[in-house]
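So the chains spell out like this:
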Amino acid sequence: MRRFRPNVVVAGAAPWAEDRWRLVRIGDVVFRAVKGCDRCVLTTIDPDTAVKGKEPIATLARCRRWDGKVWFGVNLIPDAPRRPGAIRVGDPVQVLEQSDADGPLR
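Right, let's walk through the structure included here. None of these values were measured; they are calculated from a predicted model.

**Here's the deal with the packing of aromatic side chains**
Next up, step 1: Enumeration according to the criterion identifies two aromatic pairs in this entry.
Next up, step 2: Relative to Phe72, the ring of Phe4 has its centre 4.4 Å away and its plane inclined at 25°; by these criteria the two rings are stacked. Here the residue Phe4 occupies a position in the segment before β1 (21-26), and Phe72 occupies one in strand β4 (residues 69-78), the gap between them amounting to 68 residues.
Next up, step 3: The class for Phe4 is buried, based on a relative accessible area of 12%.

So this is what it looks like as structure tokens:
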């Protein structure tokens, strides 16, 4: 997971569920999903040894490739009209709005 450099990791959701999320509450903070996250070559570099490889991009590319990019995760921003706050490890995640579209937000 360190190779992906995530700010938030959600456990318990179905695989690729985040593709459909549009509005999400984490703890007391509401976030808007603004776009899918295409993954760069940095994920192929071991953060401990700096050894370069082909994974995990090679595996993800077999099932998560659109527009010539490999997708994993979404970019969230705090929903401006709502009250800002902080999130913490263990906060519940609630999907408030979702789409029926397949594939990552672009």
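**Side note on a nonpolar patch on the surface**
Next up, step 1: A cluster of nonpolar residues, Val8, Val10, Ile87 and Val93, forms a patch on the protein surface that exposes about 240 Å² of accessible area.
Next up, step 2: For Ile87, the position within the fold is in the loop between β4 and β5 (93-98).

**Brief notes about the pairing of β4**
Regular strands have side chains that alternate between both faces of the sheet.
Next up, step 1: Relative to β4, strand β2 (residues 29-38) runs antiparallel, the two sharing six bridges. Looking across to β4, one finds that Gly36 is bridged to Val74.
Next up, step 2: Examined bridge by bridge, strand β3 (residues 65-66) and β4 share two bridges and lie antiparallel to one another. Within β4, the position partnered with Arg65 by the bridge is Val70.
Next up, step 3: Here β3 hands over to β4 after two residues, with Asp67 in that stretch at a positive phi of 55°.

**Section: the nonpolar core**
Next up, step 1: One finds Ala17, Trp21, Val24, Ile26, Val29 and Phe31 forming the largest nonpolar core, which totals six residues.
Next up, step 2: The dominant element in this core, judged by the number of residues it contributes, is β1, at three residues.
Next up, step 3: Ignoring anything within four residues of it in the chain, the contact list for Ile26 reads Val8, Phe31, Leu76, Ile87, Asp91, Pro92 and Val93.

**Regarding the pairing of β1**
Next up, step 1: Counting buried positions along β1 yields five of six residues, so the element is predominantly enclosed.
Next up, step 2: Alignment of β1 against β5, held across five bridges, turns out to be antiparallel. When the sheet's bridge partners are listed, Ile26 is paired in β5 with Val93.
Next up, step 3: Bridging between β1 and β2 involves four bridges; their strand directions are antiparallel. Among the inter-strand pairings, Arg25 is bridged to a residue of β2, identified as Val30.
Next up, step 4: Where β1 folds back onto β2 in an antiparallel hairpin, the turn is made up of two residues, including Gly27, whose phi is positive at roughly 60°.

Cut-off values and rules
- All chains use their own residue numbering, which begins from 1 and follows the written sequence.
- Only residues with pLDDT of at least 70 are given local features in this predicted model, and only at 80 or more are side-chain atom pairs given and counted; all residues enter the totals for whole chains, interfaces and linings.
- The side-chain numbers reported here are obtained from all heavy atoms of the structure, hydrogens and water having been left aside.
- Each Phe, Tyr or Trp ring, with Trp reduced to its six-membered ring, pairs with another whose centre is within 6.5 Å; inter-plane angles below 30 degrees give stacked pairs, above 60 give edge-to-face pairs, and intermediate values give tilted ones.
- For helices the rule is a DSSP run of H or I covering at least 4 residues; for strands it is a run of E covering at least 2, with both sets numbered from the N terminus onward.
- Exposure categories follow from relative accessible area, calculated using a 1.4 Å probe and restricted to protein chains: below 20% of the type maximum is buried, above 50% is exposed, and the middle band is partly exposed.
- A patch consists of residues exposed above 30% relative accessible area that lack any salt bridge, with like charges linked at up to 9 Å and nonpolar side chains (Val, Leu, Ile, Met, Phe, Trp, Tyr) linked at up to 5 Å.
- Per-residue accessibility takes into account occlusion by the displayed protein chains alone, with areas from the Shrake-Rupley method and a 1.4 Å probe.
- When a carboxyl oxygen of Asp or Glu is within 4 Å of a side-chain nitrogen of Lys or Arg, the pair counts as a salt bridge.
- One bridge is not enough; two strands pair if DSSP finds at least two bridges between them.
- Take the buried Ala, Val, Leu, Ile, Met, Phe, Trp, Tyr and Cys residues and link them wherever side-chain atoms come within 4.5 Å; each set so joined is a nonpolar core.
- Between two residues, a contact is recorded if the distance between any of their heavy atoms is within 4.5 Å.

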